[in-house]
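Examination of the molecular architecture
The chain contents come next:
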Amino acid sequence: RTKQIDNIIFNPEQDTEFSIEDINVNSPIGGTGDLEIELENNGETDIYNSIIELSSNSGTVTLGGQSRTNSISIGDWDENNDKSVTVPISFTKDATISDYSLSAVLKYENEDNIQNQESISGISVTPLNQQRIKTDIISSNVVEGENGNIKFEITNEGPKDVENIKITFKGDDNLVFLNKERNIG
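A brief look at the structure comes next. These numbers were taken from a predicted model, which means no experiment stands behind them.

1. Digging into the pattern of salt bridges
Evaluated as defined, the whole model comprises one salt bridge. Among the salt bridges present, the one from K107 reaches E53, with a minimum N-O distance of 3.3 Å. Pair noted here: K107 is in strand β7 (residues 100-109) and E53 is in strand β3 (residues 47-56), with a separation of 54 residues, a long-range link. Taking the relative accessible area as the measure of exposure, E53 reaches 28% and is therefore partly exposed.

Pasting the structure below:
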């Protein structure tokens, strides 16, 4: 028995192709930063209403806040053009300096308003080392029962530059700081 079906739409020639041009991560272990991905539409056609859905394959990585997934609108995208997307990324304190893979699906419409999607492979992210600030006491003339001064040096050991540092001094019953906070640079 045969049944006739009308209006079958298919595309025998794949005329879309995408590639990852660059991946940049500036988030340390135990911190938050940005994930920037530069993608290129290498295909022979423009695409419309495009969205990239990123998913972390590890509980160590979150995207866009507290979730392991995030959708970013790319919009219309001309053939042979690049698009960059940026999403907040965080690594837990349990992360190590190693590659963590992300899954990505690009959803879009073609010129005939037909919805398509393609998986994009090859996205891996590596956190920066945990931010480290080192303090050294240079000199002290503190004597029990009297006021004195403590001179110390603070060194940013990286991996990122820091700004607007606020130091909070904490003593105990035997050591009381007259100035409990200090802002530097």
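2. Some words on unusual backbone geometry
The residue N80 is not glycine, and still its phi comes out positive at about 55 degrees. Its place among the elements puts N80 in the loop between β5 (69-77) and β6 (81-91). Although it is not a glycine, N113 adopts a positive phi angle of roughly 65 degrees. Here N113 lies in the loop between β7 and β8 (115-125).

3. A look at the packing of aromatic side chains
A full pass over the atoms with the stated rule returns three aromatic pairs. Summarising the aromatic geometry, the rings of F91 and Y100 are spaced 6.0 Å apart at their centres and angled 50 degrees between planes, so their arrangement reads as tilted. Taking the relative accessible area as the measure of exposure, F91 reaches 3% and is therefore buried. The structure contains a cluster of three or more aromatic residues connected by ring pairs, namely F18, W77 and Y108.

Cut-off values and rules
Residues numbered from 1 in each chain as written. Predicted model: local features only at pLDDT ≥ 70, side-chain atom pairs only at ≥ 80, totals over all residues. Heavy atoms only, no water. Salt bridge = Lys/Arg side-chain N within 4 Å of Asp/Glu carboxyl O. Helix = DSSP H or I, 4+ residues; strand = E, 2+ residues; numbered from the N terminus. Buried < 20%, exposed > 50% of the residue type's maximum accessible area, 1.4 Å probe, protein only. Phe/Tyr/Trp six-rings, centres within 6.5 Å; stacked < 30°, edge-to-face > 60°.

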